[in-house]
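# Structural description and commentary
Listed here are the chains, written in short residue letters.
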Amino acid sequence: AQSVAQPEDQVNVAEGNPLTVKCTYSVSGNPYLFWYVQYPNRGLQFLLKYITGDNLVKGSYGFEAEFNKSQTSFHLKKPSALVSDSALYFCAVRAPEAGYSTLTFGKGTMLLVSP
Amino acid sequence: EPEVTQTPSHQVTQMGQEVILRCVPISNHLYFYWYRQILGQKVEFLVSFYNNEISEKSEIFDDQFSVERPDGSNFTLKIRSTKLEDSAMYFCASHGGGAETQYFGPGTRLLVL
């Protein structure tokens, strides 16, 4: 089975400060890892993904994430937060080698950026 | 930029009624999915569909649920006899295969009374 843990229900950060949203995963084989963002009453928007190669991946809106195989983590980061980054962030994993073509999501982390 | 579309955006129905949720995946995509998100909870996988048949389904996807691709563009989720606990946001997603990203539609909010 594959699973994702997002240990924080909410992350609060002041505008202009760096932000980190944590994600750890459990999967057999090599994972494909994703971050999606959900704004209120909206669908899931893709931010970035790790498939293979460089452990640091860059995505939309200045976000980046670092794949750490030894710690089975894929934390989302941004050097300088904006108020408009406030939203619900979901980490997700696929493990195709294990026969999983579907995404398994974490429970989500609400990011609140204060002015 | 191509996107996944879903209709209706909201649906209210009485318990026991049938509902059909519609999705138009991105046109050159081959894999189609339904997920749901109960209010305040995480997104859960329901079913995947490839080559005109179900490829995977979760425990949630029981006999009350069915999926269909009736033509070259639409992908539908039918709930035969809705229950109160079916109230959720239902998301359709598609991707082209391999390591490609799954792109999600805006969702249909279903409320069963």
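What comes next is a walk through the structure. (Residues numbered from 1 in each chain as written. Chains lettered and ligands numbered in written order. Predicted model: local features only at pLDDT ≥ 70, side-chain atom pairs only at ≥ 80, totals over all residues. Heavy atoms only, no water.)

### Quick look at the overall build of chain A
Broken down by element type, chain A carries 0 helices and 12 strands. In sequence order, chain A lays out its α and β elements as β-β-β-β-β-β-β-β-β-β-β-β. Here the C-alpha atoms of chain A give a radius of gyration of 14 Å, agreeing with the 13 Å that 2.2 N^0.38 yields for 115 residues. Here the analysis covers contacts within chain A between residues at least 6 apart in sequence; of these, 58% occur between residues at least 24 apart. When the accessible surface of chain A is totalled, it reaches about 5,200 Å², and 50% of it is carbon and sulfur. Where the 9 positive side-chain charges of chain A centre and where its 8 negative ones centre are 5 Å apart. (Helix = DSSP H or I, 4+ residues; strand = E, 2+ residues; numbered from the N terminus. Rg over C-alpha atoms; globule rule 2.2 N^0.38 Å. Contact = heavy atoms within 4.5 Å. Areas by Shrake-Rupley, 256 points an atom, 1.4 Å probe, with all protein chains shown as cover. Lys, Arg positive; Asp, Glu negative; His and termini not counted. Charge placed at Lys NZ, Arg CZ, Asp CG, Glu CD.)

### Observations concerning the packing of aromatic side chains
Per the counting criterion, the structure on display carries 20 aromatic pairs over all chains. Feature note: the residues F34(A), Y36(A), F46(A), F90(A), F105(A), Y33(B), Y35(B), F45(B), F91(B), Y103(B) and F104(B) constitute an aromatic cluster, connected by ring pairs. (Phe/Tyr/Trp six-rings, centres within 6.5 Å; stacked < 30°, edge-to-face > 60°.)

### Description of the pairing of strand β11 (residues 108-112) of chain B
Residue and element names in this part refer to chain B. Covered by surrounding structure in β11 are T108, L110 and V112 only, the residues R109 and L111 on the alternate face being uncovered. Both strand β2 (residues 10-13) and β11 contribute to a ladder of 4 bridges, which runs parallel. Looking at β11, one finds that Q11 is bridged to L110. As paired strands, strand β9 (residues 88-95) and β11 are joined by 3 bridges and run antiparallel to one another. (Buried < 20%, exposed > 50% of the residue type's maximum accessible area, 1.4 Å probe, protein only. Pairing = 2+ DSSP bridges.)

### Examining the layout of surface pockets
Estimates place the volume of the largest pocket at around 490 Å³. In terms of lining residues, the largest pocket is bounded by 19 residues, among which L44(A), Q45(A), E1(B), E3(B) and F104(B) are the most central. Those elements that place two or more of their residues in the lining of the largest pocket are β6 (44-50) of chain A together with β10 (103-104) of chain B. Broken down by element, the residue count for the lining of the largest pocket peaks at 3 residues, all from β6(A). Volume-wise, the second largest pocket comes out at about 410 Å³. Lining of the second largest pocket is provided by 20 residues; of these, Q38(A), L88(A), M110(A), Q37(B) and G40(B) occupy positions nearest its centre. Residue contributions to the lining of the second largest pocket peak at 3 residues, all from strand β10 (residues 87-94) of chain A. A per-class count over the lining of the second largest pocket returns 9 nonpolar, 7 polar and 4 charged. (1 Å grid on protein atoms, 1.4 Å probe; cavity = no way out; pocket = protein on both sides within 12 Å on 5 of 7 lines; lining within 4 Å. Points joined across faces, edges and corners; volume = space filled by probe spheres on them. Nonpolar A, V, L, I, M, F, W, Y, C, P; charged D, E, K, R; others polar.)

### Some points on the side chain of D86(B)
Residues and elements named next belong to chain B. Here D86 shows up in the loop between β8 (75-79) and β9. One buried charged residue, D86, forms no salt bridge at all, with the nearest opposite charge on R36 at 4.2 Å. Here the side chain of D86 touches K83 through a polar contact of 2.8 Å, landing on its backbone nitrogen. The contact partners of D86, leaving out residues within four places of it in the chain, are R36, F65, I79, S81, L110 and V112. (Salt bridge = Lys/Arg side-chain N within 4 Å of Asp/Glu carboxyl O. Polar contact = N/O pair within 3.5 Å; in protein donor to acceptor, adjacent residues only side chain to side chain.)

### Some details on the sheet that holds strand β1 (residues 5-7) of chain B
All names here are of chain B. In space, the 4 strands of this open sheet follow the order β1-β3-β8-β7, with antiparallel pairing throughout. The open sheet has two free edges, formed respectively by β1 and β7 (65-68), since each of these has just one partner strand. Recorded for the sheet is a direction-independent mean angle of 20° between the axes of neighbouring strands. Across 5 bridges, the pairing between strand β3 (residues 19-24) and β8 is antiparallel. Bridging from a neighbouring strand, R22 pairs with T76 of β8. (Axes fitted to C-alpha atoms, helices over the stretch in contact; angles between N-to-C directions.)

### Side note on the interface of chain A and chain B
Taken together, the 22 residues of chain A in the interface contact 20 residues of chain B. Roughly 1,600 Å² of surface becomes buried between chain A and chain B when both sides are summed, with 53% attributable to carbon and sulfur atoms. It is L44(A), T102(A) and F105(A) in chain A that bury the most area against chain B; as a group they hold 29% of the surface buried on that side. Counting every contact that joins chain A to chain B gives 0 salt bridges. Elements with a contribution of two residues or more to the side of chain A that touches chain B: β5 (32-38), β6 and β10 of chain A. In terms of residue count, the dominant contributor to the side of chain A that touches chain B is β5(A) (4 residues). Broken down by class, the residue content of the side of chain A that touches chain B amounts to 11 nonpolar, 7 polar and 4 charged. (Buried area = accessible area lost by both parts, 1.4 Å probe.)

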